[in-house]
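Now for the letters of each chain:
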Amino acid sequence: MATVRLSDVVIPEFYYNYVVADTAEKTELVTSGVIERSSQLDDALAGGSYLFNLPFWNDLKNEEENISSDDPAVNSVPKKITANKEVQVRLARNQSWSAMDLSGQLAGSDPIAATLSHIASYWRRRQQAAFVATMAGLFAQNDTTTDATHTQYDLTHDIKGTAFTNGVTTFSAKAFNDAILTIGDAMGDLSAIMVNSVVFTQMKNNDLIKYVPESQINAIASQQYSGGVPTFQGRRVIIDDAVPMRAGVAETWIFGRGAVKMGLWTPPGNKGFEYERKPSGGNGAGEEIVHSRLHMCIHPTGHAWNVASVAGGGPKNDNTAGNLAHADSWKRVFPERKQIKIARLITREF
């Protein structure tokens, strides 16, 4: 009797397109506007190289203008526009899952079918992990000594102090306003807040959270909350315990739309998604394996990847040298603080 097998119904070309679309469209960082999908990065990932250069022209310097005169012997001295480049890095990632035929037969359901239904959500979580690591590296770089490209701590307002004092070291509207003041008169561009659940609870306890319908913020939330989407001062609040919190010291990250650019690409056909059948597995009982591969670029706008040599599948998420969360991995290339649509508040919550 003929039996329909997984290999008969999984179409790789359809499947990898679904994974990429689902990963891009249902991540809350994307729906909130913090991460902006970039066709330029998509195209770069589809080509070669680990590093991609994006040249740009700097704004004209805010130099004092000339005073006009009628003296023909006095000539103006022309200024010039300058250029720089953002450098972006490829993250080539993959994962595999297997299941023994006998396990599925004894369980009464197909574990590989269940695996397939969760792969897109797996990649959304891994995308968010790469984002968190990138932000950790960016803030670590900003904490380093002032140099020609940045001013130390100019992204951060720190009120943690040396010991917990309720109402003084904790999250408050005043502390938040002081944090967004770091961007000056561009503070209105900051539209989303990313917090640890402890900070979110502090915000709720202080009646700072307002729930609004999704339609009012022009986004579809991937995570639903009672009464709508949480907001603070009209800004969307994203709750993620990957936002750093150590020994009671918590970070709150604040973003403007497009603060981070994202590219996604997976090799076409069965190079991006492969199904493998091993009849000999389980001493002949049979084994099924699925492989999923995804290339990402998570790039903070206005910065450049600062590691000259990239090998293997690109940098990992950790904070060792050459990886995403390390201070030396990033360099600011936009000349003005207000061009960086990112700020950080550091508090002590207990």
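Thresholds, definitions, all that
- Residues numbered from 1 in each chain as written.
- Predicted model: local features only at pLDDT ≥ 70, side-chain atom pairs only at ≥ 80, totals over all residues.
- Heavy atoms only, no water.
- Helix = DSSP H or I, 4+ residues; strand = E, 2+ residues; numbered from the N terminus.
- Contact = heavy atoms within 4.5 Å.
- Areas by Shrake-Rupley, 256 points an atom, 1.4 Å probe, with all protein chains shown as cover.
- Core = buried A, V, L, I, M, F, W, Y, C linked by side-chain atoms within 4.5 Å.
- Buried < 20%, exposed > 50% of the residue type's maximum accessible area, 1.4 Å probe, protein only.
- pLDDT = per-residue confidence, 0-100.
- Salt bridge = Lys/Arg side-chain N within 4 Å of Asp/Glu carboxyl O.

1. Some points on the overall build of the protein
Helix and strand counts for the protein stand at 8 helices and 17 strands. Long-range pairs, those at least 24 residues apart, make up 77% of the contacts in the protein between residues at least 6 apart in sequence. Counting every atom, the protein has about 17,700 Å² of accessible surface; 52% of that belongs to carbon and sulfur.

2. Observations concerning the environment of glutamine 141
Its place among the elements puts glutamine 141 in helix H6 (residues 111-142). Spatially, the C-alpha atom of glutamine 141 lies 9.2 Å from that of tyrosine 153, the residues being 12 residues apart in sequence.

3. Focus: the nonpolar core
In terms of nonpolar packing, the biggest core is built from 47 residues, with Phe131, Met135, Met194, Trp253 and Phe255 touching the most fellow members. A total of 12 residues in this core trace back to one element, the largest contributor, which is H6. With residues near it in sequence (within four places) discarded, tryptophan 253 still touches Phe131, Val132, Met135, Ala136, Phe139, Ala192, Ile193, Met194, Val243, Pro244, Ala343 and Arg344.

4. Looking at the confidence of the model for the protein
Chain-level statistics for the protein give a pLDDT mean of 86 and a share of 88% at 70 or above. Long-range and interchain partners of residues 6-11, a stretch whose pLDDT sits below 50, account for 9 contacts in this model, where long-range means more than four residues apart. Ignoring residues within four places in sequence, the model shows residues 219-225, a span with pLDDT below 50, making 22 contacts including any to other chains.

5. A few points about the pattern of salt bridges
On inspection of all chains with the given rule, the structure shows 12 salt bridges. Arginine 277 is the salt-bridge partner of aspartate 101, the closest N and O atoms lying 2.6 Å from each other. Taken together, the positions of aspartate 101 in helix H5 (residues 101-107) and arginine 277 in strand E13 (residues 273-278) put the pair 176 residues apart, joining distant regions of the chain. On the basis of relative accessibility, which here comes to 12%, the residue aspartate 101 falls in the buried class. Among the residues examined, arginine 277 registers a relative accessible area of 34% and is labelled partly exposed. One salt bridge in this structure joins arginine 332 and aspartate 154, with 2.8 Å as the shortest N-O distance. Taken together, the residues span a long stretch of sequence, with arginine 332 in strand E16 (residues 330-332) and aspartate 154 in the loop between H6 and strand E5 (156-158) at a distance of 178 residues.

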